[in-house]
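For reference, the chains in residue letters:
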Amino acid sequence: MLETEFCGLKLKNPTVLASGILGTNAALLKRVVREGAGAVTMKSIGPREKLGHPNPTVIEWEHGLINAVGLPSPGYQNIESEFAELKNCSAPIIASIYGASVEEFETVAEAVAEYKPAIIEINISCPNTKKEGQIFGMSPEMATDVVSAVVAKTGKIPVMPKLTPQAPKIADIAVACEKAGANAICAVNTLGPGMLIDIEARKPILANKFGGVSGPAIKPIAVRCVYQIYRAVSIPILGMGGINSGKDAVEMMMAGASAVGIGTATHYRGIEAFKLIADEIKQWMKEHEVKSVKDLVGAAHD
Amino acid sequence: MLETEFCGLKLKNPTVLASGILGTNAALLKRVVREGAGAVTMKSIGPREKLGHPNPTVIEWEHGLINAVGLPSPGYQNIESEFAELKNCSAPIIASIYGASVEEFETVAEAVAEYKPAIIEINISCPNTKKEGQIFGMSPEMATDVVSAVVAKTGKIPVMPKLTPQAPKIADIAVACEKAGANAICAVNTLGPGMLIDIEARKPILANKFGGVSGPAIKPIAVRCVYQIYRAVSIPILGMGGINSGKDAVEMMMAGASAVGIGTATHYRGIEAFKLIADEIKQWMKEHEVKSVKDLVGAAHD
Amino acid sequence: MPELPQIVEIRRTQKETGQHQTYYFEFDKAKDAKPGQFLMVWIPGVDEKPISLSSIGKEVAITVQCKGLWSEKLCGIGKGLKVGVRGPYGNGFSTEGVKKAIIVAGGCGTAPIRPLVEKCLTEGIDTRVVVGAQTAEILLFRKELEDKLGDNLYITTDDGSAGKKGFTTDALKELIGEDKPDVVFSCGPEVMMKAIFDLCEKEKVECQLSLERYMRCGFGICGQCVMDDLMVCKDGPVFNSEQLRNSKEFGKVARLKSGREVDLKEFANWRQC
Amino acid sequence: MPELPQIVEIRRTQKETGQHQTYYFEFDKAKDAKPGQFLMVWIPGVDEKPISLSSIGKEVAITVQCKGLWSEKLCGIGKGLKVGVRGPYGNGFSTEGVKKAIIVAGGCGTAPIRPLVEKCLTEGIDTRVVVGAQTAEILLFRKELEDKLGDNLYITTDDGSAGKKGFTTDALKELIGEDKPDVVFSCGPEVMMKAIFDLCEKEKVECQLSLERYMRCGFGICGQCVMDDLMVCKDGPVFNSEQLRNSKEFGKVARLKSGREVDLKEFANWRQC
Ligand SMILES: Cc1cc2nc3c(=O)[nH]c(=O)nc-3n(C[C@H](O)[C@H](O)[C@H](O)COP(=O)(O)OP(=O)(O)OC[C@H]3O[C@@H](n4cnc5c(N)ncnc54)[C@H](O)[C@@H]3O)c2cc1C
Ligand SMILES: Cc1cc2nc3c(=O)[nH]c(=O)nc-3n(C[C@H](O)[C@H](O)[C@H](O)COP(=O)(O)OP(=O)(O)OC[C@H]3O[C@@H](n4cnc5c(N)ncnc54)[C@H](O)[C@@H]3O)c2cc1C
Ligand SMILES: Cc1cc2nc3c(=O)[nH]c(=O)nc-3n(C[C@H](O)[C@H](O)[C@H](O)COP(=O)(O)O)c2cc1C
Ligand SMILES: Cc1cc2nc3c(=O)[nH]c(=O)nc-3n(C[C@H](O)[C@H](O)[C@H](O)COP(=O)(O)O)c2cc1C
Ligand code: FES
Ligand code: FES
């Protein structure tokens, strides 16, 4: 009932661990699979070792999280062992990559493709770094450049750019990506950036001042993005942003997502969020006599 | 203690009614003043009579409101009586205007300027209409065109463009507005658009499908926008987005706002929100021995 | 607390007249609503409308006149239709301290009067009720009200096809003359409300009248339903004599969807209910 | 529930050694914390660090070694400094079902041991405590522990300047030999934790050891503090024998800020605590 397909991959259910959540090593990724995820995304891998931003980097506020982890990464040069350990993982592994230039994306993509992940996610949407990320997701031209460059290096491995909800016209970006050879779209990364100020300290709380907003607060924005992208492209969408329950997941699928990413919910509901959300989707489907999650995809479109 | 100045106007306190909230007629605007607002903004006035979108148009979700009211307006041709009734209002009146072209903005601005509002707000940021609004707030060039055209028609009346948090680089837009002759910046309008899907109905809830998100969910985005604008311009900022308490207002002022807009809070806290929030600001200032709200403005900047 | 529409299924319907039908469904949030409160009723893909509760309890109901896009969809499908409801909104009628009441209902306005009559009787209030309509065929809840009220029910029709020929105000005038009530409760077209108000003022009787304006949010934020400095959705829809006395707009002007103020006739034409 | 830092003011400080100082403040959320739990302590404009609670109650405390940017700011200002705290985080030590315990503290690791000793004594647990340091001058809470524990306190120093010359593990070995406890609780540098674990395994005694990794979120979402498939901030920082037995990383490798896995020596150098 929950089994589905995404970009040619079989998933036991449509929940997917979002990048940057728990995905630092192979052992923890496998634990997330044991906890019920249909697929897991590794933390974004960069062109060199990067420390990320100083603390505070992740803060929970009333309506979600705000983070400026800053894309820490051992660099593609130091991740062979993780991939080796992931070989026998029972669910598909999505590798996420980032760079600060088309060349860097190329380099990382080429190296990561060697390890044969199920999908390569291209993070062109991180809102808390200066040079990496978001900038490439803000214009169709830049997105095209990155995606075509990556596609040229990754052979048969499907490529999935991850878009930012901050893009002026996200559907245009998605279309550009599809034309450039993307096999799927991941939408969305964290919103913003945003900022929290501690009024007692009279200072922004995050050391980086600005950080991406995730969790319940961003769901309407994420749903709108997926809805618009679904109308514009024919490749599948991994929808995420504020999914905290089975009903949220159903909503995201009705907007057009073929599978759903779960990030911040692992804080609210624990690492068992995947199983909980998958069960809730199943329950809802039973109550509504829906036979396959595929029947939910895009159901809110006329 | 709470008295302050905004764009040359004396305010008894820094709370300002945001446009589109309760601001449909003079009598209700005056009631909001009695309820404690330091200034009030009228609902945005357009170039002709406009019905707005069909219902549902305003929905409360878990973390704020989403609305697609769609800029209904009697048109500038039909508002003389409201302005006449507002003559003896004890607080400054901000008139908000919109258009679907530079010429329309010009026409409305010229007509509205005749009624001598304290400030003319230029709404270049509505996310739930196709032709009006947001588009003009997305690029410095378009913002420049609208603001210069309006400034040329409004004589000595201060002009305040209202920006969208969706702008790729909001500080650049603000700078363009300042250069084009704006006397203040209003930031921000509703976020998005966003979308809510009712999974039982399998349909977007808003008749317009897409709507702007306001209230608590958007505060970190609004605070970030104001913080960035404050560093970029030297004209005062009317900061708004998710302010629900005195502490929220203090946070927004520390980010750089000289006065704060209150919209959605009138739902959560009632029409008395203005007095409540002003009292909370005062209380906080007393506890922290802050003498004037002016001392809070920009306090979170190094 | 979030005011998202909740999808409910119409469990059963009751044809009331050739033009009116009642729709029953369960909606827990409204089970203790006050008579006079209303719901925002969304037919997905069609429209969302404010509609008074015409029955309150474990099962609630709305009674709607088939006349436009939205209501014809409701009529057309009826039982089994899923609608999204939010509310209850508004203040409702207040029976606090009332010992003797006259209730006057006109046309569609009889919908919120039904649970009000029920409430008054339960509370032991001495209650006389006037129900009026243009003609007998479209008189609402006649049988039910007759059963409950017996001699205390006074019917008027414009054409005399049922009860007394004439307006509800004629009947009200007589009843006040016989025995002054503490309060007159009423719901009906605004011209009728104005006539009742004027009569009550003359007779020095307090009244509580339910009014109608075009609505969007229903919870007092968008300002669409404004009358003077009051929001009909939140401060109303029921207003007392003092509020109406101070009103410049009651009985005179109302606002179209655009917010343009027009005189009541134009509004009524547009509304045509 | 939101984990925003709460600004608290350091009410008083206590110089413990030439290198360590204790900072007292009120933080209601932590008043019932478990020994072994920690706070994320933010010095605005400087950094945010995980720090164990060294005293729990209406007033709580942290004890910090002055050694880097963050801790020197704390030392430098001390009383009156406003810091942002969030937590308590982590699991803490579990005394459930324990009748007889040996507690071993090394260096900075003595901080969370202080409230643990208090708890064990309150619960009537037969408690022997080993506290070790490189040298007498930097031995933490000596006087206080002596007063509370008398003969049940065993001190070791690397240079013999106080108590017995040698490592805490030497003392532990002797104590286990004399009388086997139900559990060994310990906190200290990871090399010491590894030695204690090996000893306990050999002696077939259960242990609960508190470990350290570089942290960001502190509440189990960012994955930074991972050890095998465990998050030290949430699943730990206290781990039991079974968890440690299954661990491939304990005592061997840890991750730098970048997430790069390095051997423990390199991590310890970088950490240098
Ligand atoms: C507090 C309140 C309680 C109400 N209770 C009832 C009730 O119990 N039963 C009932 O039948 N009706 C009630 N109404 C009226 C109801 O909301 C609808 O206006 C009515 O049902 C007509 O809808 P329709 O789709 O049939 O007509 P439509 O085709 O939608 O509308 C016909 C015309 O009226 C205009 N219009 C629609 N809705 C309104 C409105 N709310 N105000 C002003 N103009 C409008 C339209 O723009 C159109 O020109 C109530 C209204 C209010 C404000
Ligand atoms: C669960 C837990 C409890 C702790 N309890 C205490 C305690 O009670 N008392 C105490 O003094 N310290 C404790 N620490 C260590 C503490 O978090 C700081 O690392 C320590 O205070 C050093 O900070 P500093 O500013 O003085 O040094 P810095 O100048 O910030 O750092 C010195 C070096 O260590 C690195 N570093 C800093 N923090 C960490 C870290 N957490 N992990 C790995 N490397 C790091 C830096 O990058 C730098 O290279 C605890 C750590 C954890 C994880
Ligand atoms: C702490 C944290 C770290 C993140 N790191 C990354 C990252 O490295 N790469 C990436 O593509 N997205 C990253 N994200 C974004 C998430 O993958 C996800 O797109 C976003 O959080 C929205 O989903 P959610 O609301 O379910 O969390 C991060 C999010 C959080 C909260
Ligand atoms: C129902 C509603 C209607 C609005 N209409 C307008 C409008 O006509 N013109 C405008 O400039 N902003 C409009 N806004 C935006 C508000 O003025 C304000 O910028 C936004 O809601 C953020 O502030 P808040 O979070 O305090 O509500 C509207 C907002 C809401 C919720
Ligand atoms: S309908 Fe929005 S204020 Fe009444
Ligand atoms: S510090 Fe983030 S998971 Fe432990």
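This is a predicted model, so every value here is computed, not measured.

Draft legend 1. How the structure looks around the relation of the copies chain B and chain A. Take chain B, turn it by 180°, move it 0.0 Å along the axis, and it overlays chain A with an RMSD of 0.0 Å. Each copy turns onto its partner about a two-fold axis. No C-alpha of chain B lies nearer the rotation axis than that of alanine 217 of chain B, which sits 2.4 Å from it. Taken together, the interface assignments show that 100% of the residues at the interface of chain B recur at the interface of chain A, consistent with an identical surface on both copies.

Draft legend 2. Structural detail: the domain arrangement of chain C. Residues and elements named next belong to chain C. Partitioning chain C into domains gives domain 1 (6–89) and domain 2 (100–270). On a C-alpha basis, the centres of domain 1 and domain 2 stand 20 Å from each other. Facing the 23 residues of domain 1 at the interface are 19 residues of domain 2. Buried area between domain 1 and domain 2, summed over both chains or domains, comes out near 1700 Å², and the portion from carbon and sulfur atoms is 64%. Area buried by domain 1 at its contact with domain 2 is led by Pro35, Phe38 and Ser54, which between them contribute 25% of it. Run the count over domain 1 and domain 2 and you get zero salt bridges. On inspection of domain 1 and its partner domain 2, the count reaches four residue pairs in polar contact (both at pLDDT 80 or more). Taken together, the elements giving at least two residues each to the side of domain 1 that touches domain 2 come down to strand S3 (20–26), strand S4 (38–43), strand S5 (47–55), strand S6 (59–65) and strand S7 (82–89). Looking at the side of domain 1 that touches domain 2 element by element, the count peaks at six residues for S5.

Draft legend 3. How the structure looks around the nonpolar core. Val184 of chain C together with Val184 of chain D are the most contacted members of the largest nonpolar core, which totals 306 residues. Among all residues touching valine 184 of chain D, those that are not within four sequence positions of it are Ile102, Val104, Leu172, Ile176, Ile196, Cys200, Val205, Glu206, Cys207, Gln208 and Leu209 of chain D.

Draft legend 4. Broad picture of the UniProt feature "binding site: FMN" (unreviewed entry) in chain A. According to UniProt, the positions carrying the feature "binding site: FMN" (unreviewed entry) are Ser19, Lys43, Ser44, Asn123, Lys162, Val188, Gly215, Gly241, Gly242, Gly263 and Thr264 of chain A. Looking at the element boundaries, lysine 162 of chain A is found in strand S9 (residues 159–163). Here lysine 162 of chain A is in contact with Ser19, Glu121, Ile122, Asn123, Ile124, Ser125, Cys186, Val188, Asn189 and Met240 of chain A, once residues within four sequence places are set aside. Along the polypeptide, glycine 263 of chain A turns up in the loop between strand S16 (259–262) and helix H8 (265–268). When its relative accessible area of 13% is taken as the criterion, glycine 263 of chain A is described as buried. Once residues lying within four places of it in the same chain are set aside, the contact partners of glycine 263 of chain A are Ala18 and Ile21 of chain A together with Ile221 of chain D.

Draft legend 5. Broad picture of the pattern of salt bridges. Within this structure, the stated rule accounts for 62 salt bridges over all chains. The partner of arginine 48 of chain B in a salt bridge is glutamate 104 of chain B, and the shortest N-O contact between them spans 2.6 Å. Taken together, the positions of arginine 48 of chain B in the loop between strand S4 (39–41) and strand S5 (58–61) and glutamate 104 of chain B in helix H3 (residues 102–113) put the pair 56 residues apart, joining distant regions of the chain. Judged by its relative accessible area of 44%, arginine 48 of chain B is partly exposed. Between arginine 245 of chain D and glutamate 201 of chain D there is a salt bridge, with its nearest N and O atoms 2.8 Å apart. Note that arginine 245 of chain D is positioned in helix H6 (residues 241–245) and glutamate 201 of chain D in helix H5 (residues 190–203), a separation of 44 residues in sequence. Look at the salt bridges and you will find they share partners, linking Glu82 of chain A together with Glu249, Arg255 and Glu261 of chain D into a network.

Draft legend 6. The arrangement of the packing of helix H5 (residues 170–179) of chain B against helix H6 (residues 219–232) of chain B in detail. Residues and elements named next belong to chain B. Following both chains from N to C, one finds H5 and H6 inclined at 45°, their axes separated by 8 Å at the closest point. Judged by the inter-axis angle, H5 sits oblique to H6. Handedness of the crossing formed by H5 with H6: right-handed. Residue-level inspection shows Ile170, Ala171, Ala174, Val175 and Glu178 of H5 in contact with H6, the latter providing Arg224, Cys225, Gln228, Ile229 and Ala232. When grouped by side-chain class, the residues that make up the contact of H5 with H6 number seven nonpolar, one polar and two charged.

Draft legend 7. Representation of the site of ligand 3 within the structure. All names here are of chain A. Neighbouring residues of ligand 3: 22 residues in total, closest Ser19, Ser44, Lys162, Gly242 and Thr264. Within the backbone of valine 188, a nitrogen or oxygen atom sits 3.0 Å from an oxygen atom of ligand 3. Interatomic distance of 3.0 Å between a backbone N/O atom of glycine 263 and an oxygen atom of ligand 3. Tallied by class, the residues present in the shell around ligand 3 amount to six nonpolar, 13 polar and three charged.

Draft legend 8. Just the UniProt feature "binding site: [2Fe-2S] cluster" (unreviewed entry) in chain C, in detail. Per the UniProt record, the feature "binding site: [2Fe-2S] cluster" (unreviewed entry) sits at Cys217, Cys222, Cys225 and Cys233 of chain C. Maximum C-alpha separation among the annotated residues is 10.2 Å over a sequence range of 17 residues, consistent with a single clustered spot. In this structure, cysteine 217 of chain C sits in the loop between strand S13 (206–210) and strand S14 (226–227). Here cysteine 217 of chain C is in contact with Val58 of chain B together with Met40, Arg86, Tyr89 and Cys222 of chain C, once residues within four sequence places are set aside. Mapping cysteine 222 of chain C onto the fold places it in the loop between S13 and S14. Look past the residues within four positions of cysteine 222 of chain C in its chain and what remains in contact with it is Gly20, Leu22, Thr24 and Val58 of chain B together with Arg216 and Cys217 of chain C.

Draft legend 9. Structural detail: helix H5 (residues 190–203) of chain C. Residues and elements named next belong to chain C. Look at H5: 20 Å from first C-alpha to last across 14 residues, which is about the 20 Å you get at 1.5 Å a residue. Burial in H5 covers these residues: Glu190, Met192, Met193, Ile196, Phe197, Leu199, Cys200 and Glu203. Within two residues after H5, lysine 204 carries a phi angle of roughly 55°, on the positive side.

Draft legend 10. Quick peek at the interface of chain C and chain B. Tallying the contact residues gives 39 residues for chain C and 44 residues for chain B. At the surface where chain C touches chain B, the tally comes to four salt bridges. In this structure, the salt-bridge partner of glutamate 49 of chain B is arginine 260 of chain C, at a minimum N-O distance of 2.8 Å. Viewed at the interface, chain B and chain C are joined by 16 residue pairs in polar contact (both at pLDDT 80 or more). Of all elements in the fold, only S4, S5 and strand S15 (230–231) of chain C reach the threshold of two or more residues within the side of chain C that touches chain B. Here the side of chain C that touches chain B is composed, by residue class, of 18 nonpolar, six polar and 15 charged.

Calculation criteria
- Residues numbered from 1 in each chain as written.
- Chains lettered and ligands numbered in written order.
- Predicted model: local features only at pLDDT ≥ 70, side-chain atom pairs only at ≥ 80, totals over all residues.
- Heavy atoms only, no water.
- Least-squares fit on C-alpha atoms with pLDDT ≥ 70 in both.
- Contact = heavy atoms within 4.5 Å.
- Domains from an automatic or database assignment.
- Buried area = accessible area lost by both parts, 1.4 Å probe.
- Salt bridge = Lys/Arg side-chain N within 4 Å of Asp/Glu carboxyl O.
- Polar contact = N/O pair within 3.5 Å; in protein donor to acceptor, adjacent residues only side chain to side chain.
- Helix = DSSP H or I, 4+ residues; strand = E, 2+ residues; numbered from the N terminus.
- Core = buried A, V, L, I, M, F, W, Y, C linked by side-chain atoms within 4.5 Å.
- Buried < 20%, exposed > 50% of the residue type's maximum accessible area, 1.4 Å probe, protein only.
- UniProt positions renumbered as here; feature names shortened; annotations may be inferred.
- Axes fitted to C-alpha atoms, helices over the stretch in contact; angles between N-to-C directions.
- Parallel < 35°, antiparallel > 145°, perpendicular 65-115°, else oblique.
- Left-handed = near helix turned anticlockwise from the far one by under 90°.
- Nonpolar A, V, L, I, M, F, W, Y, C, P; charged D, E, K, R; others polar.
- Near = heavy atom within 4 Å.
- Expected span 1.5 Å × (residues − 1).

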